[in-house]
Amino acid sequence: MSEPSADATRSRRLELRVPSMDCPSCAGKVENSVERLEGIEEIDARVTSGTLVVEYDSAQTSEAAIRERVEAAGYAVDGNEGGRELTLAVPEMDCASCASKVENALEGLESVTSIAAQPASGRVTVSGSGLEEEAVVRAIERAGYEATPDGNRDRVQEAKRVWRTPRAAGTAVGAVLVVVGLVLEFVLPGLDPVLATLGGRPYELSHALFVAAAAIAGAPIVRNGYYSARNRSLDIDFLMAAGIVASVAAHHPKEGAMLAVLFSVAELLERFSMDRARDSLRELMSLSPETATVLRPDGSEETVPAKAVEVGDIVVVRPGEKIPTDGVVLEGQSAVDQSPITGESVPVDRSTGDEVYAGTISEAGYLEVEVTSEVDDSTLARIVHLVEDAEREKTKREQFVDRFANVYTPVVVTIAVAVAVAPPLLVGASWDTWFLRGLTLLVIACPCAFVISTPVSVVSGITSAAKNGVLIKGGRHLEAVGESDVLAMDKTGTLTTGDLSVTDVVPLEGTSEDEVLRRAGAAEYRSEHPIGRAIVGYAEERGLEPDDPDVSEFEALTGKGVRAEVDGTTHYVGKPELFDGLADLGHVHATTDGGVSLASMGYEAESQCDREACLDVLAEIVPELQAQGKTVVIVGTEDGPIGVVGVADRVRPDAAWAVSRLQEQGVRVVMLTGDNEGTARAIAEDVGIEEYHAELLPEEKLEWIRRLEGEDGVGEPRHRVAMVGDGINDAPALATADVGIAMGAAGTDTALETADVALMGDDLTRLPYLYRLSRKANGVIRQNIWSSLAVKAVLAAGAPFGVVTVIHAVVIGDMGMSLGVTGNAMRLSGVEPETPDAAGTE
């Protein structure tokens, strides 16, 4: 048997939707089942999104086999009829006309169920059952374009030298021939000899030059027009090719030559401007270094390609070098420039145990980093992939443009044909005159600038945001942020740092402070809640080992606290409301051994108090702590509380500035928190939020999102609501809001997968920037759409009267507007985040 070809052994990536895989146990079963296949290189079971991502060697296994193993594990693959998804790079597909031609070619494949052509990024994504890569490539090639698997991203990264291509050379030759022909015809007619007589018309040398110009400059256009006709695509290439051929055939070689040269120049300029539009995406791709220095077990260093670095390797990063992939610092200390990922302008200190990201730069120190992800699966790589895929999410305006263009083009083409033939046939008007006017309308019929006005703006806006630490996962979300007028904000981890610490411990029932902490830490030891982790951490700092007691029967009480058996006794740790309805409090001692002095509140130390007196003590302590913006946690048993713990969280330094900036932009800011009323009020006052809602369970936050949207049935006007939270605990509210925004998503798979928008760093200054960018993007898209329509309408109105010629139609309607909308979209790259110091507010 012959050896498989390089193409046959190429690694491939398969992404399957497995909705019922919703727990770690499910993921383990699926992974174990799929791992039995030969050729499986990597498996990533993403429980949160119900997605299974498999890297495999296509020479050893197949997509069908992987699906069978998933189903053998007892899990159904969603959209089995949709099958595989395949993405290819098509660099020459850089306009709406190109995309239409490719789509029409792919629609002929029976295995294809959906197509997403993305001209702004030069990529095509298709899905279908039994999809074969070779068949898809051949179909795209039949449309006249070269396609390569998207795994070969170098083809996308390379900037095209459009002015050094054969197309540019042919255009230049055609332009020279047109100029010489015009000189002979109008300036030196005596030097323009008649070469022949065709159809009773003299055929001068200038005409021959025009025909040659049309043939040389128009050859690529006619070729593309042929592919358009072959794929039944009524696009600009077909219309221009028809115009050139018809002009020469109807003895109007000058018009045909000028149409060929001008349109070819327009095409080159459009490719150049589109290439500039892709620059920001290339900048993201180029952030990751090409090589890495790996420290071998024997102490030697080896420089290898970055893609060859494996998980578990130790890489050496010296001052000024880029970190090749995500990892954890094992040794060394350095200030790291994380701006490529988080957008933070100030380098952050990183030392042993800290996480670092691919593409970030070690400023002045030496680091040894243990690799935790391969280059293709790093945070930077996921950002690039998501930005590339963003164009697939069409905005409402883009959908409108597509619907409009589907009607506009055939209508104008029909009118163009009628203008060319109706007057000569009906009233005996000049065929030459009305042919040229119909030809002009034919050029105007193509809505290239109109169609590309939205996607080029979306790509520009999204890539600009990514460079500033804001990941927007589609044009629809970019549009929605600017349209939202209400921003609901979580408190912990959003307005505050989420870095909780214990500030006060008040023992009751005759217990000591250490005993309260020991029991609270033991009960909370298995908790993942930030407050619980803060209590455990503080107990450990005090030398109290929370895992020493006998702990069992742990249960998280959603939105209230935890319950656990500690030393054989049921303990509760949570909000004060958790103790409502529990057993009689009994007799409780109040002592001064704590962060809050009971004596200062008028209570005698070591005094015996009955149930009512104890409640009075708690009624004094709890509001006192809450008024200071602290979260109160009660520790106790079924017999009653044994102590009070105060936990505080720091407000982010830029929170008040960000809120004020948002309010200046007309955004209504509302805080939704599960914390108590007193803490919520203190934080809200600190940051300048007038409206807040406290003590909310996760499902109650979701209900408030609906109320803010105006869905509560009280007749309020409909609002568009954005929600910002930590991306995990606030998942229901984030999913319900029109736009979900996750804080601090760098390196967090869940946030990157589930959020509509992710702020890569914990930087609230990016929120006002996000709103400014989104609203400016919406404005740019509106300007592009309506200016394109207006210019087309004016040109179309003037063409039948001879006011607008073919030259006007090409130079203004096609080339001018395409460059105009692209240049206008590029303005979005100039939108930069403000900082409190720069704004002069601090």
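**Here we look at helix α7 (residues 205–230)**
Side chains three or four residues apart in an α-helix point the same way, a direct result of the helix having 3.6 residues per turn. Over its 26 residues, α7 runs 35 Å from end to end, which matches the ideal 38 Å to within 8%, given 1.5 Å per residue. The largest bend along α7 measures about 60° and falls at G218, with the proline P220 one to four residues further on.

**Side note on the sheet that holds strand β15 (residues 348–350)**
The strand order β15-β14-β17 describes an open sheet built from 3 strands, whose pairing is antiparallel. Of all the strands in the sheet, the pair left with one neighbour each is β15 and β17 (361–362). Pairing geometry for strand β14 (residues 334–337) and β15, over 3 bridges, is antiparallel. Bridge pairing in β15 links S334 to R350.

**As for the packing of aromatic side chains**
Tallied over the full model, the rule gives 1 aromatic pair. Over the aromatic face of W434 sits the side chain of R437, whose NZ or CZ is 4.7 Å from the ring centroid. Taking NZ or CZ as reference, R707 lies 4.6 Å from the ring centre of W704, over its face.

**Observations regarding the nonpolar core**
Within soluble globular proteins, side chains that are nonpolar generally end up buried alongside one another. Core analysis: the biggest nonpolar cluster contains 50 residues, and I472, L487, L495, I741 and L767 have the highest contact counts within it. By residue number, the principal contributor to this core is helix α26 (residues 766–798), which donates 10 residues. Non-local contacts of L767, meaning those with residues more than four positions away in its chain, are made with L487, M489, L662, V724, I741 and L759. One finds L177, I221, V412 and V443 within the second-largest nonpolar core, a separate group that totals 40 residues.

**Notes on a nonpolar patch on the surface**
A contiguous nonpolar patch, built from V179, V183, F186, V187, L188 and L191 and spanning about 550 Å² of accessible area, is present on the exposed surface. With respect to the helices, strands and loops of the structure, F186 is situated in helix α6 (residues 166–187).

**Considerations on the sheet that holds strand β23 (residues 561–566)**
Here 6 strands make up an open sheet; going across it, the order is β21-β28-β27-β24-β23-β22 and the pairing antiparallel. Among the strands making up the open sheet, the edge pair consists of β21 (501–507) and β22 (551–557). The average angle at which neighbouring strand axes cross in this sheet is 20°, direction not considered. Where β22 and β23 come together, 5 bridges link them in antiparallel fashion. Pairing of E555 across the sheet is with R563, part of β23.

**A short note on the packing of helix α13 (residues 396–427) against helix α14 (residues 431–444)**
Two elements in contact, α13 and α14, have axes separated by 8 Å at closest approach and are oriented at 180°. With respect to α14, the element α13 is oriented roughly antiparallel. Between α13, through Y408, V412, V413, I415, A416, V419, A420, V421, P423, P424 and L425, and α14, the contact on the second element is made entirely by W431, W434, F435, R437, G438, L441, L442 and I444. Of the residues in the contact of α13 with α14, the class split is 17 nonpolar, 1 polar and 1 charged.

**Comments concerning unusual backbone geometry**
One non-glycine residue with positive phi stands out, namely E553, at about 55°. Following the sequence through the fold, E553 ends up in strand β22. The backbone phi angle of D567 is positive, close to 55°, even though this residue is not glycine. Summarising the element assignment, D567 is placed in the loop between β23 and β24 (569–574). Judged by relative accessible area, D567 falls into the partly exposed class, the value being 44%.

**A look at the packing of α14 against helix α27 (residues 806–826)**
One way to put it is that α14 packs onto α27 with a least axis distance of 8 Å and a crossing angle of 10°. On the basis of their axis angle, the class for α14 and α27 is roughly parallel. On α27, the residues touching L436, L439, T440, V443 and I444 of α14 are V806, A809 and V810. Of the residues in the contact of α14 with α27, the class split is 7 nonpolar, 1 polar and no charged.

**Describing the pattern of salt bridges**
With the rule as written, the count across this model stands at 18 salt bridges. Salt bridges sharing common partners tie together E515, R518, R519 and D567.

**Overview of the environment of S512**
Note on placement: S512 falls in the loop between β21 and α18 (513–524). Spatially, the C-alpha atom of S512 lies 8.8 Å from that of G643, the residues being 131 residues apart in sequence.

**Looking at the pairing of strand β1 (residues 11–17)**
Moving residue by residue along a regular strand, the side chains alternate between the two faces of the sheet. The alternating pattern of β1 places R12, L14 and L16 on a buried face and S11, R13, E15 and R17 on a face that is not buried. Relative to strand β3 (residues 51–57), β1 is paired through 7 bridges, and the arrangement is antiparallel. Counted as the bridge partner of S11 is D57 from β3.

**Observations regarding the environment of V721**
Along the polypeptide, V721 turns up in strand β31 (residues 721–725). Residue classification places V721 among the buried positions, given a relative accessible area of 0%. With 233 residues separating them in the primary sequence, V721 and A488 have C-alpha atoms 7.1 Å apart. Other than its neighbours up to four places away in sequence, V721 contacts S484, V486, A488, I705, L708, E709, A737, D738 and V739.

**Comments concerning the side chain of T765**
Secondary-structure assignment places T765 in the loop between β33 (757–759) and α26. In this structure the side chain of T765 is engaged in a polar contact, spanning 2.6 Å, whose partner is the side chain of D763. Among all residues touching T765, those that are not within four sequence positions of it are D654, W657, E834 and P836.

**Side note on the pairing of β24**
Within β24, 5 of the 6 residues are buried, which leaves it mostly tucked inside the rest of the structure. Bridging between β23 and β24 involves 6 bridges; their strand directions are antiparallel. For A564, the partnering residue across the bridge sits in β24 and is H571. In textbook terms, the turn of a hairpin is the stretch between consecutive antiparallel strands, and for β23 and β24 this stretch comprises 2 residues, one of which, D567, has a positive phi near 55°. Pairing between β24 and strand β27 (residues 631–637): 4 bridges, direction antiparallel. Among the inter-strand pairings, V573 is bridged to a residue of β27, identified as V635.

**Overview of the confidence of the model for the protein chain**
Mean pLDDT over the protein chain: 78, with 81% of residues reaching 70 or higher. Note that residues 152–159 has pLDDT below 50 and, in this model, 15 contacts with residues that lie over four places away or in other chains.

**Observations regarding helix α8 (residues 236–249)**
When the terminal C-alpha atoms of α8 are compared, their 20 Å separation across 14 residues agrees well with the 20 Å that a helix rising 1.5 Å per residue should span. Just downstream of α8, H251 is the residue with a positive phi angle, here 60°.

The rules we used
Counting from 1, residues in each chain are numbered in the order their sequence is written. Only residues with pLDDT of 70 or above have their local features reported here, since the model is predicted, and side-chain atom pairs are shown and tallied only from 80 upward, although totals for entire chains, interfaces and linings are computed over all residues. Values reported for side chains reflect all heavy atoms of the structure, with hydrogen atoms and water molecules removed beforehand. We count a stretch as a helix when DSSP gives it H or I for four or more residues in a row; a strand needs E for two or more, and each element gets its number in order from the N terminus. Multiplying 1.5 Å by the helix residue count minus one yields the expected span of that helix. The reported bend at a residue is simply the angle between two axes, fitted to the 7 residues ending at it and to the 7 residues beginning with it. Two strands make a pair as long as DSSP finds a minimum of two bridges between them. For Phe, Tyr and Trp, rings pair up if their centres lie within 6.5 Å, where Trp contributes its six-membered ring, and each pair is then called stacked (planes under 30 degrees apart), edge-to-face (over 60) or tilted (otherwise). A ring is considered to have a charge above it if a Lys NZ or an Arg CZ atom is located within 6 Å of its centre and within 35 degrees of its normal. Only buried residues count toward a nonpolar core, which is a set of Ala, Val, Leu, Ile, Met, Phe, Trp, Tyr and Cys residues joined through side-chain atoms within 4.5 Å. Buried, partly exposed and exposed residues are distinguished by accessible area as a fraction of the type maximum, computed with a 1.4 Å probe on protein chains only: under 20%, between the cut-offs, and over 50%, respectively. In what follows, a contact means two residues having at least one pair of non-hydrogen atoms within 4.5 Å. Residues forming no salt bridge and having over 30% relative accessible area are the ones grouped into patches, like charges within 9 Å of each other and nonpolar side chains (Val, Leu, Ile, Met, Phe, Trp, Tyr) within 5 Å. Note on areas: Shrake-Rupley with a 1.4 Å probe; residue coverage comes only from the protein chains shown. A side-chain nitrogen of Lys or Arg and a carboxyl oxygen of Asp or Glu constitute a salt bridge if their distance falls within 4 Å. Here an angle of 0 to 180 degrees is reported between the N-to-C directions of two axes, which are lines fitted to C-alpha atoms, with helices fitted over the stretch in contact. Roughly parallel covers angles under 35 degrees, roughly antiparallel covers those over 145, roughly perpendicular covers 65 to 115, and oblique covers all other angles. Residue polarity follows a fixed list, in which Ala, Val, Leu, Ile, Met, Phe, Trp, Tyr, Cys and Pro are nonpolar, Asp, Glu, Lys and Arg are charged, and the others, Gly among them, are polar. N or O atoms within 3.5 Å of each other form a polar contact, as long as, within protein, one can give a hydrogen and the other can take it, and as long as residues adjacent in sequence are counted only when both atoms are side-chain atoms. One confidence number per residue, pLDDT, is output by the predictor and ranges from 0 to 100.

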